[in-house]
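Summary of structural features
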Amino acid sequence: IEQLNSDVTHYKTIENTLIKELKLVLKDYHIKKDDLVLIIGLGNSLSTPDSLGPKTLENILVTSYLYNLGEVDSSYQNTAIFKPEVTGTTGIETSTIIKSLIEKTNTKLVIFIDALAASSLDHLNKVIQITSSGISPGSGVGNNREELTRKTLNIPVIAIGVPTIVEASTIVKDTLINLKKHISYQIENIDNLKTKLTTYQDYSDQENILTKKEEKNILGEIGLLEPFDLKKLIDEVLIPIKYNLMVTPKEIDFQIEKLSLLIANSLNKSLHDNFNPTK
């Protein structure tokens with residue numbers, strides 16, 4: 001129960017922070033309550049790591065049909081949702097569908113929700129990215145589609161993303177970087193009795209204290225590469241033989257469930273002044 005209470009506290013803290021940031025972004029666009037805000041869940045609902053967008057839409061409050069009937073409290077935003085799925089499923093370019101929908105519905109603001117590829121293991125399912133610069137569907141897995149930005153859609157855009165997958169090359173890169181930190185930790189704690197009695201130590205905050213000569217002695221010329229160049233080299237090794245796999249945590253089902261609910265509730269509370277969730 002104590003752990004559950006702690007998780008609830010952390011959830012509320014993150015939710016309040018996300019709501020605050022979303023309201024700041026929304027404020028810049030001066031959207032009126034009767035202006036249509038279209039929320040689009042990008043991704044593939046049949047692939048769990050890529051289902052963040054479609055899953056989030058399940059808990060978004062939709063009011064556009066009520067606005068059409070003239071039965072909406074003025075504290076609620078005019079909202080609609082759409083799930084375009086991926087081009088490989090529909091056979092139609094995602095941007096083509098969205099452009100047509102925006103034109104037909106007279107949308108004033110579009111909010112995209114999508115899963116991203118992590119640039120670091122530290123970011124995997126731990127970062128929520130909010131940007132007004134738009135998004136390029138499929139870019140995280142090397143399947144670039146036409147970008148969805150203010151320039152291409154002619155209306156303001158907000159993109160919300162969470163890194164849910166990571167490339168094998170990124171894992172290898174981070175492992176080599178962590179190896180240096182691990183050795184540094186062992187050097188600094190060589191006389192620490194507690195360290196000697198513990199099988200595994202948390203060295204995540206450890207600085208790399210190895211000299212360039214020591215790095216070269218341990219890893220050869222590879223040990224001297226900066227992270228960007230190290231990642232590039234590993235890509236050159238893994239991509240041609242199709243070993244640069246996309247990896248996701250084993251508990252991804254649970255994490256997508258929680259993340260999608262977090263984003264949905266945060267959007268609802270940011271858009272609708274009197275929103276009162278039941279979940």
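Up top is the structure.
Everything in this summary refers to the structure shown in the same document.

Rules used in this analysis
- Residues numbered from 1 in each chain as written.
- Predicted model: local features only at pLDDT ≥ 70, side-chain atom pairs only at ≥ 80, totals over all residues.
- Heavy atoms only, no water.
- Helix = DSSP H or I, 4+ residues; strand = E, 2+ residues; numbered from the N terminus.
- Buried < 20%, exposed > 50% of the residue type's maximum accessible area, 1.4 Å probe, protein only.
- Contact = heavy atoms within 4.5 Å.
- Polar contact = N/O pair within 3.5 Å; in protein donor to acceptor, adjacent residues only side chain to side chain.

Thoughts on the overall build of the protein
Scanning the protein from N- to C-terminus turns up 11 helices and 6 strands. Projected onto the principal axes, the alpha-carbon positions of the protein cover approximately 75 × 50 × 35 Å. Every one of the 279 residues in the protein was classed for burial, and the buried ones make up 41%. Expressed as a percentage of contacts within the protein between residues at least 6 apart in sequence, the contacts between residues at least 24 apart total 75%.

Regarding the side chain of Gln-77
Structurally, the position occupied by Gln-77 is in the loop between helix H3 (64-69) and strand S2 (79-82). On the basis of relative accessible area, Gln-77 is assigned to the buried category, the value being 4%. With residues near it in sequence (within four places) discarded, Gln-77 still touches Ile-31, Lys-32, Lys-33, Asp-35, Val-37, Thr-63, Tyr-67, Leu-271 and His-272.

Considerations on the side chain of Thr-63
Relative to the helices and strands, Thr-63 is located in the loop between helix H2 (52-57) and H3. There is a polar contact of 3.0 Å between the side chain of Thr-63 and the backbone nitrogen of Thr-79. Filtering out sequence-adjacent residues up to four positions away, Thr-63 remains in contact with Val-72, Gln-77, Asn-78, Thr-79 and His-272.

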